[in-house]
Amino acid sequence: MAQMKSDTLKTYAELLKEKGLLLEAELFGQEDKKARILTYDSREVKEDTIFICKGAAFKEEYLQSAVEKGAVLYVSEKKYSLTKDVPYLIVKDVRKAMPVLADFFYHSAWEDMTVIGIGGTKGKSTSAYYMKAVVDDYMEHLGKKESAVISSIDIYDGVSRVESHITTPEAVELQRHFRNAADSGIEFVEMEVSSQALKYNRVDNLIFDVGIFLNISEDHISPIEHPDFADYFASKMKMFAQTKHAVVNLDADFSDRILEEAKAAGDMVTFSTKCEEADYYGYNIRKDGHETKFSVKAKDFDEEFILTMPGLFNVENALAVIAAAEILGIPRQFAHSGLQRARSSGRMELYASKDKKIIAIVDYAHNKLSFEKLFSSTKEEYPDYGIVSIFGCPGKKAYIRRRDLGTIAGKYAEKVYLAAEDPGYEPAEDISKDIAQYVEAQHCPYAIIEDRGEAIRTAIREAKDKTVLLVTGKGNETRQKYGCEYIDCPSDVEYVKKYLEEYDSGK
């Protein structure tokens, strides 16, 4: 864990007061006490820790545990009765206080790097890894370190590489990753920026050197996320006010409104595969064997690029990255080389049986936009193959996905297998039954098999000649969320490989 040089408790009190967030402070004569660790996780607490009390699930026992382990100050929206006097700072809004504290504690490490933020409903992680491939080719050419990445797939910050459970980390972890990266000599960071991160202040006190906005559609509508689309849209748009150079997709729904909001950025360029007037216009898009080829016309060039990652729809993500690379002054040769080799773990990973009768595509697609793009592109790229779908939806969130994904899968697929996908506190079978009504409305047969491995195995065993299996939602993730616990499990990629080998061996 990154630790910064310590500041006194009085310094933190003055900081929150200056920001208009402090309601009450009591330091019990320990004003000059210094803090070495900042966290809201009682399991991370050691001597001289500032402990933040946050979240709907917070319990007073967490604070008591933190104090016993050595917390010297707690920050909270309410005062707690503890067994001993512990300095405290009572704040108006703990979520707004967190980024202020974290940015100060880690000494604004992001200022020492080039930060590329990527927003939108679909394509954030693919774009992040396209961008990383381009930047890393450039860094390798200069003899410098690979870039850091903060994505919904994984996080690399120069110190650790870990699987993600959340698209954009809370402010404390986010600023810690920035500090790790800066101290490791890393110069670039690519990061996904979620609507939740923007709504709940995780990226406050942060400026994006380049902010890419890909698209938007109705998603994350639930009591614990966004109450309606208006709130979701407004949250997404907050990114522009924190952006020096915006890159905006003219083909996105509500593009007029997005362009208006993007005026809050320092400046803006656009990209499109439909509008020739865009600053970066992608055209002549075609599949050539296992490659996707396309041309890009811009003010200073008109050149062909190649993608080897499947999916014609990924040209939009590539256009955004080409535009960002130009803004950052990265020589175009690295956009060519990076995009040609770019891969995103768990994204459009393609596997086939030896007889080529079954093709399996593993992808993280999990919302209306990504499903529509994936299914329509698959139908276009594999016209002689039938489609079979294996997916689920998470518990207690984004309820509208159940209707959207069930309807889209039912429209395109010959059969749908509904499986667990991070059900959390909701029974997986109930989620699957909810989705099933929309599949059934499209007159598509379905089966409910909670265990993802068994669902994939059954789909392969029951597949007809020339079938594309679309295994979506979990990608390369190796955990399932049941209740509040993450249970280890094989990834969809591992399941697909295993059961295709079983199919090939005739077992």
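Just so you know, these numbers come straight off a predicted model, no measurement behind them.

Enquirer: So what's going on with the overall build of the chain? Which residues, and what values?
Expert: Across its full length, the chain holds 15 helices and 26 strands. In terms of overall dimensions, the chain is globule-like: its C-alpha atoms have a radius of gyration of 24 Å, near the 23 Å expected for 507 residues. Expressed as lengths along the three principal axes of its C-alpha atoms, the size of the chain is roughly 75 × 55 × 40 Å. Burial status across the chain gives 59% buried among its 507 residues. Sequence-distant contacts in the chain: of pairs separated by 6 or more residues, those separated by 24 or more amount to 65%.

Enquirer: Tell me about the sheet that holds strand 24 (residues 467-472), and name the residues and values.
Expert: Here 6 strands make up an open sheet; going across it, the order is 19-20-24-21-22-23 and the pairing mixed. Looking at the sheet topology across the chains shown, the edges are occupied by strand 19 (349-352) and strand 23 (446-448). Each strand of the sheet is rotated relative to its neighbour by a mean of 15°, with strand direction disregarded. Pairing between strand 20 (residues 358-363) and strand 24: 6 bridges, direction parallel. Within strand 24, the residue paired with Ile-358 across the bridge is Thr-467. Across the sheet, helix 13 (residues 428-441) is in contact with strand 21 (386-391), strand 22 (415-418) and strand 23; its angle to strand 23 comes to roughly 175°.

Enquirer: Go over the packing of aromatic side chains, please, and point to the residues and values.
Expert: In the structure shown here, the tally under the stated rule is 23 aromatic pairs. Lying over the aromatic face of Tyr-40, Lys-54 brings its terminal NZ or CZ to 4.5 Å of the ring centre. Directly above the ring of Tyr-156 sits Arg-161, whose terminal nitrogen or CZ lies 4.0 Å from the centroid.

Enquirer: Any chance you could break down unusual backbone geometry for me, citing the residues and the numbers?
Expert: With phi around 65°, Lys-356 is a residue other than glycine that occupies positive phi space. For Lys-356, the location among the structural elements is in the loop between strand 19 and strand 20. Look at Lys-396: it is not a glycine, yet its phi comes out positive at around 65°. Looking at where Lys-396 falls in the secondary structure, it is placed in the loop between strand 21 and helix 12 (400-412).

Enquirer: Just give me the short version of the pairing of strand 13 (residues 208-213), but keep the residues and values in it.
Expert: Taken across its 6 residues, strand 13 has 6 buried, putting it largely inside the fold. As paired strands, strand 8 (residues 114-119) and strand 13 are joined by 4 bridges and run parallel to one another. Bridge pairing in strand 13 places Gly-119 opposite Phe-213. Note: strand 13 against strand 14 (residues 243-249), 5 bridges, orientation parallel. Bridged to Phe-208 within strand 14 is Thr-243.

Enquirer: Pulling in residues and values, what's your account of helix 2 (residues 60-69)?
Expert: Of the residues making up helix 2, those classed as buried are Leu-63, Gln-64, Ala-66 and Val-67. Down the axis of helix 2, the smallest arc covering the buried residues is 160°, so these residues share one side. Exposed positions of helix 2 whose direction lies more than 90 degrees from the buried face are Glu-61 and Glu-68. Looking at the packing, one finds that the buried side of helix 2 touches strand 5 (49-52) and strand 6 (71-76). Backbone geometry just downstream of helix 2 places Gly-70 in the positive-phi region, at approximately 125°.

Calculation criteria
Residues numbered from 1 in each chain as written. Predicted model: local features only at pLDDT ≥ 70, side-chain atom pairs only at ≥ 80, totals over all residues. Heavy atoms only, no water. Helix = DSSP H or I, 4+ residues; strand = E, 2+ residues; numbered from the N terminus. Rg over C-alpha atoms; globule rule 2.2 N^0.38 Å. Buried < 20%, exposed > 50% of the residue type's maximum accessible area, 1.4 Å probe, protein only. Contact = heavy atoms within 4.5 Å. Pairing = 2+ DSSP bridges. Axes fitted to C-alpha atoms, helices over the stretch in contact; angles between N-to-C directions. Phe/Tyr/Trp six-rings, centres within 6.5 Å; stacked < 30°, edge-to-face > 60°. Lys NZ or Arg CZ within 6 Å of the ring centre and 35° of its normal. Arc of directions from axis to C-beta.

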